[in-house]
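The primary structure of each chain is shown beneath.
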Amino acid sequence: MTVLPYRANAAVEDFVNEFTGGAEVAEGGVDLIAPEIAENGNTVPIEVAAEGASAIMVLAAGNPTPPVATFNFGPLAGASRAATRIRLAQTQDVIAIAKLADGSFARTSSLVKVTIGGCGG
Amino acid sequence: MASGVRPRVKVPRSASAGETITIKTLISHQMESGQRKDSDGNTIPRSIINRFVVDFNGENVLDVKMEPAISTNPYFEFEAKVPESGDFHFTWYDDDGSVYEDTQTIEVS
């Protein structure tokens, strides 16, 4: 277990619970590709994937509002995988939570060091 | 207000039946987060695209709920299965009620 930096806040857990309906969440089982160091927090490339997942939610624990995006994969999704670019206000954990094919949930997190914050002055 | 919004979509022109293809989309949009302040210290109101949907011949591929933490000019890369020839339909929903659309045809042999 890693220790989350500064106020690994209750708000994040609230968003997790909203997504999972309070179900238990296993560690691992989701791929989250994010850079270790992001020079510009305005546009940080990330990629999430989880085999057979019907949905993947991405949270940024250290942003003023943690939700980033929720990907819902339809019947014609080639794989439960998506890449996008996100804003990070400061160095923080990015969290991905997947709803797997069997209805269970899995999460993973990745620490991204941000040199220039992405939320403006 | 969002101005100069232009969707760009990259879909292969052809594929074989049942193949999984990679699609890339980019839409020019300022994605104002609602967190920034102007020079007078007033908060600039949020104005973002909040949802992105991809369908193929009426069946869903991807439906993304977007928050202010998505970067300016939202970019998405994802995979789709193409069972037959047809049209990919891309829809972006703006906070201000605007809807931006694009359609791409793919030939399946």
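Calculation criteria
Residues numbered from 1 in each chain as written. Chains lettered and ligands numbered in written order. Predicted model: local features only at pLDDT ≥ 70, side-chain atom pairs only at ≥ 80, totals over all residues. Heavy atoms only, no water. pLDDT = per-residue confidence, 0-100. Phe/Tyr/Trp six-rings, centres within 6.5 Å; stacked < 30°, edge-to-face > 60°. Buried < 20%, exposed > 50% of the residue type's maximum accessible area, 1.4 Å probe, protein only. Lys NZ or Arg CZ within 6 Å of the ring centre and 35° of its normal. Pairing = 2+ DSSP bridges. Helix = DSSP H or I, 4+ residues; strand = E, 2+ residues; numbered from the N terminus. Axes fitted to C-alpha atoms, helices over the stretch in contact; angles between N-to-C directions.

1. Here's the deal with the confidence of the model for chain B
Here is step 1: With 98% of its residues at a pLDDT of at least 70, chain B reaches an overall mean of 94.
Here is step 2: Under the prediction, the complex receives an ipTM of 0.94, its pTM being 0.92.

2. As for the packing of aromatic side chains
For any pair of aromatic rings, the description consists of the separation of the ring centres together with the inter-plane angle of the planes.
Here is step 1: Taken as a whole and judged by the stated rule, the model has eight aromatic pairs over all chains.
Here is step 2: Considering the side-chain rings of Phe90 of chain B and Trp92 of chain B, the 6.4 Å spacing of their centres and the 25 degrees angle between planes classify their relative orientation as stacked. When sorted by exposure, Phe90 of chain B lands in the same class as Trp92 of chain B, which is buried.
Here is step 3: Through a chain of ring-to-ring contacts, the aromatic side chains of Phe71 of chain A together with Phe52, Phe56, Phe76, Phe78, Phe88, Phe90 and Trp92 of chain B assemble into a single cluster.
Here is step 4: The residue whose ring lies beneath Arg85 of chain A is Tyr75 of chain B, and the NZ or CZ to ring-centre distance is 4.2 Å.

3. So, the sheet that holds strand β2 (residues 31-33) of chain A
Here is step 1: Here we have six strands laid out as an open sheet, ordered β2(A)-β4(A)-β7(A)-β6(B)-β3(B)-β1(B), and antiparallel in their pairing. The strands lining the two open edges of the sheet, one partner per strand, are β2 of chain A together with β1 (7-10) of chain B. Direction aside, the axes of adjacent strands within the sheet are offset by 20 degrees on average.
Here is step 2: Judged from the four bridges that link them, strand β7 (residues 77-86) of chain A and strand β6 (residues 75-82) of chain B form a sheet pairing that is antiparallel. Residue pairing across strands places Ala77 of chain A opposite Ala80 of chain B, the latter belonging to β6 of chain B.

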